[in-house]
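Given next are the chains, with one letter for each unit.
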Amino acid sequence: MGLSAIISLIVFVIVVIGILSQKIDKTLISMLGAVFLLIIGTFSHPMLAIRNYVDFNTLLFLVGIMLFVDVLKNTGLFESFAALILKLFGSNIYALFWGLTIFVAIIAGYIEVIATILIFIPITLSITEFLNVNHMPFTLGVIFASQIGGMATMMGQPPNIMISSATMFSFSEFSGVMYPIAIISLVISNLLILLFFKSDFSIKLDRSKLKNFSNDSSKDKKKLSVAIILFIIVVIAFIFHHELNIESSTVALAAGFVSLLLISPKEVEEILSKIEWDIILFIFALFVIVGALIETGAISYMAQLLFNVSGESLILLSITVLLISAFTSAFMNNIAITAAFIPLVSYLPTLNPLVFSNLNPVWYALSLGTCLGGIATPIASLPNMIALNLMFKSTGKKISFTELFKYGFLILIVNIIVSIVYLRVVVF
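Fair warning: this is a prediction, and the values are worked out from it, not measured in the lab.

Cut-offs applied
Residues numbered from 1 in each chain as written. Predicted model: local features only at pLDDT ≥ 70, side-chain atom pairs only at ≥ 80, totals over all residues. Heavy atoms only, no water. Helix = DSSP H or I, 4+ residues; strand = E, 2+ residues; numbered from the N terminus. Rg over C-alpha atoms; globule rule 2.2 N^0.38 Å. Areas by Shrake-Rupley, 256 points an atom, 1.4 Å probe, with all protein chains shown as cover. Lys, Arg positive; Asp, Glu negative; His and termini not counted. Charge placed at Lys NZ, Arg CZ, Asp CG, Glu CD. Buried < 20%, exposed > 50% of the residue type's maximum accessible area, 1.4 Å probe, protein only. Contact = heavy atoms within 4.5 Å. Core = buried A, V, L, I, M, F, W, Y, C linked by side-chain atoms within 4.5 Å. Salt bridge = Lys/Arg side-chain N within 4 Å of Asp/Glu carboxyl O. Axes fitted to C-alpha atoms, helices over the stretch in contact; angles between N-to-C directions. Parallel < 35°, antiparallel > 145°, perpendicular 65-115°, else oblique. Left-handed = near helix turned anticlockwise from the far one by under 90°. Patch = residues over 30% accessible without salt bridge, like charges linked within 9 Å, V, L, I, M, F, W, Y side chains within 5 Å.

Peer 1: When you look at the overall build of the chain in this model, what are you seeing that I'm missing?
Peer 2: A tally of regular secondary structure across the chain gives 20 helices and zero strands. For the chain, the C-alpha radius of gyration of 22 Å lies close to 22 Å, the compact-globule estimate for 428 residues. When the backbone C-alpha atoms are referred to their principal axes, the chain occupies close to 70 × 50 × 45 Å. When the accessible area of the chain is evaluated, it comes to approximately 17700 Å², of which 67% is carbon and sulfur surface. Computed over 21 positive and 21 negative side-chain charges, the separation of the two mean positions in the chain equals 11 Å.

Peer 1: Where do I start with the environment of I289 in this structure?
Peer 2: Structurally, the position occupied by I289 is in helix α14 (residues 277-295). With relative accessibility at 1%, the residue I289 sits in the buried group. For the pair I289 and V54, spaced 235 residues apart in the sequence, the C-alpha separation amounts to 9.6 Å. Excluding its chain neighbours within four sequence positions, the residues that come into contact with I289 are F12, V15, S30, G33, A34 and L37.

Peer 1: What is the right way to read the environment of I6 from this model?
Peer 2: By the secondary structure assignment, I6 is in helix α1 (residues 3-21). In this structure, the C-alpha to C-alpha distance between I6 and A105, residues 99 residues apart in sequence, is 41 Å.

Peer 1: How do you make sense of helix α20 (residues 401-427) when you look at a structure like this?
Peer 2: An α-helix turns once per 3.6 residues; consequently, residues spaced three or four apart project the same way. Here α20 has its buried residues at L404, Y407, G408, I411, L412, N415, I416, S419, Y422 and L423. In this structure, the buried residues of α20 make contact with α8 (135-151), α10 (171-196), α16 (314-332), α18 (360-373) and α19 (382-395).

Peer 1: Could you clarify how one ought to interpret the nonpolar core in this entry?
Peer 2: A general tendency of soluble globular proteins is for nonpolar side chains to be buried together. If you look at the biggest cluster of nonpolar residues, it comprises 157 residues, and the most contacted ones within it are F120 and M151. A total of 13 residues in this core trace back to one element, the largest contributor, which is α14.

Peer 1: Help me understand the pattern of salt bridges in this model?
Peer 2: Side-chain pairs of opposite charge can arise whenever the charged atoms involved come near each other. Throughout the structure, instances matching the rule amount to two salt bridges. Across the pair D70 and K73 runs a salt bridge whose closest N-O atoms are separated by 3.5 Å. Of the two residues, D70 and K73 are both situated in helix α4 (residues 56-73); the distance of three residues between them amounts to about one turn of the helix. Residue class for D70 comes out buried when judged on its relative accessible area of 8%. Of the charged contacts in the structure, one is a salt bridge between E270 and K274, with a shortest N-O distance of 3.8 Å.

Peer 1: Hey, could you run me through the environment of V290 in this one?
Peer 2: Counting through the fold element by element, V290 comes out in helix α14. The sequence separation of V290 and V54 amounts to 236 residues, and the corresponding C-alpha distance is 9.2 Å. Residues within four places of V290 in sequence aside, it is in contact with F12, A339, A340 and P343.

Peer 1: Explanation requested: the packing of helix α6 (residues 93-111) against helix α7 (residues 113-131) in the structure shown.
Peer 2: Relative placement of two packed helices is described by the angle separating their axes and the distance separating the axes. At a minimum axis distance of 9 Å, the contact between α6 and α7 shows a crossing angle of 160°. In terms of axis orientation, α6 runs roughly antiparallel to α7. Relative to α7, the crossing made by α6 is right-handed. Along the contact surface, α6 presents L96, L100, F103, V104, I107, A108 and I111, while α7 presents V113, A115, T116, I119, F120, T124, I127 and L131.

Peer 1: Sorry, what's going on with unusual backbone geometry here?
Peer 2: Note: most peptide bonds trans; most residues except glycine with negative phi. Phi at N132 is positive, roughly 60°, even though this residue is not glycine. Take N132: it is sitting in the loop between α7 and α8. Residue N132 is classed as exposed on the basis of its relative accessible area, which comes to 66%. A positive phi angle, near 60°, is found at N245, a position not held by glycine. Residue position: N245 is located in the loop between α11 (221-240) and α12 (248-263). A relative accessible area of 72% places N245 in the exposed class.

Peer 1: When you look at a nonpolar patch on the surface in this model, what are you seeing that I'm missing?
Peer 2: Residues M1, I6, I10, I14, Y301 and L305 make up a contiguous nonpolar surface patch of about 550 Å² in total accessible area. Breaking the nonpolar patch down by element, the ones donating at least two residues are α1 and α15 (298-310). Top element by residues in the nonpolar patch is α1. It accounts for three residues. Residue position: I10 is located in helix α1. I10 sits in the partly exposed class, given a relative accessible area of 44%.

All quantities given are derived from atomic positions and should not be read as evidence of function.
See below:
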């Protein structure tokens, strides 16, 4: 590797360590790294490099879906769903746990996991407080369910959004492979949580308390009806966007701004201000930094190392990608790992066009690794960081790195083993 490649790699490592340490804001350290690489002349044409290496489809998708969720949140749609779950399953703590996590997993696949966390962590905390039960198993269940449910579709998880933008998967093709393993992973996660918190599930819920539960957040029935119709239309549009030759970001932006026009046209500035712009800039910076790795040849060097490890075996390569992406994501943030792996995997056909003519199994392995790795630690993914921050604001209690690690890492290990078997039996 040349000097510029080494510098780019050093910057990438420093940014990852900065994210890992949590002593400096992830967006700040990432943007500083990206700006530094632009200033020192890593790219001969910086603006052209930004256009080539930054995946604006991913960024615009996130902007659109965050906007859409913020608008729908004001209609009481999601609180109505929560009220329905409580009324259907609230008399039995096991049924409530399974009903809530399954519902969250399904929703996460269609409105993106970060948005799901922003909606359902506060709702979950409200339900557990109302029923006077320990919030921990339910909160962890929702966190893990949202991550696993988001893994099932192209638009549910940031890594999947990035992978789908780099590939030619259709919604149905991708979900057809990922949905079954997501269901299996959710069952495993839930069973382990029930085992971890066995004593908390031994209590009986007071059925009479349910009569006191009221959902007064959906008073405007007209807005709620519009929200339901829009939600159904948007889900259908995402399912068929490939067949319609429309980018996922176009669907998301249309969903966001049409819902804003129909539901909250007088609250444009307020709702736009709620978009997680720090997350958008964080991902933008990662694209620039990884672009530097591509520009300087560092990615091709790492691709050659990966090729040397796996030889000419597509199966071994896929398992290697799954393992490396899962364990590095657990400690380095899965968005950063995905951003690094995408150009690396894309480069493999250059090394051996015959063996790597079909990279689909490798992409599925990368999705499984980054999404499952994202549940293991507090710093593994943005949804984890956001969820724990919401929990702290609501309860005043912090979950330590060790506490989440002892639950999340075991769930990760079991699911990795199952995923390797699934890849071998189903994908190949």
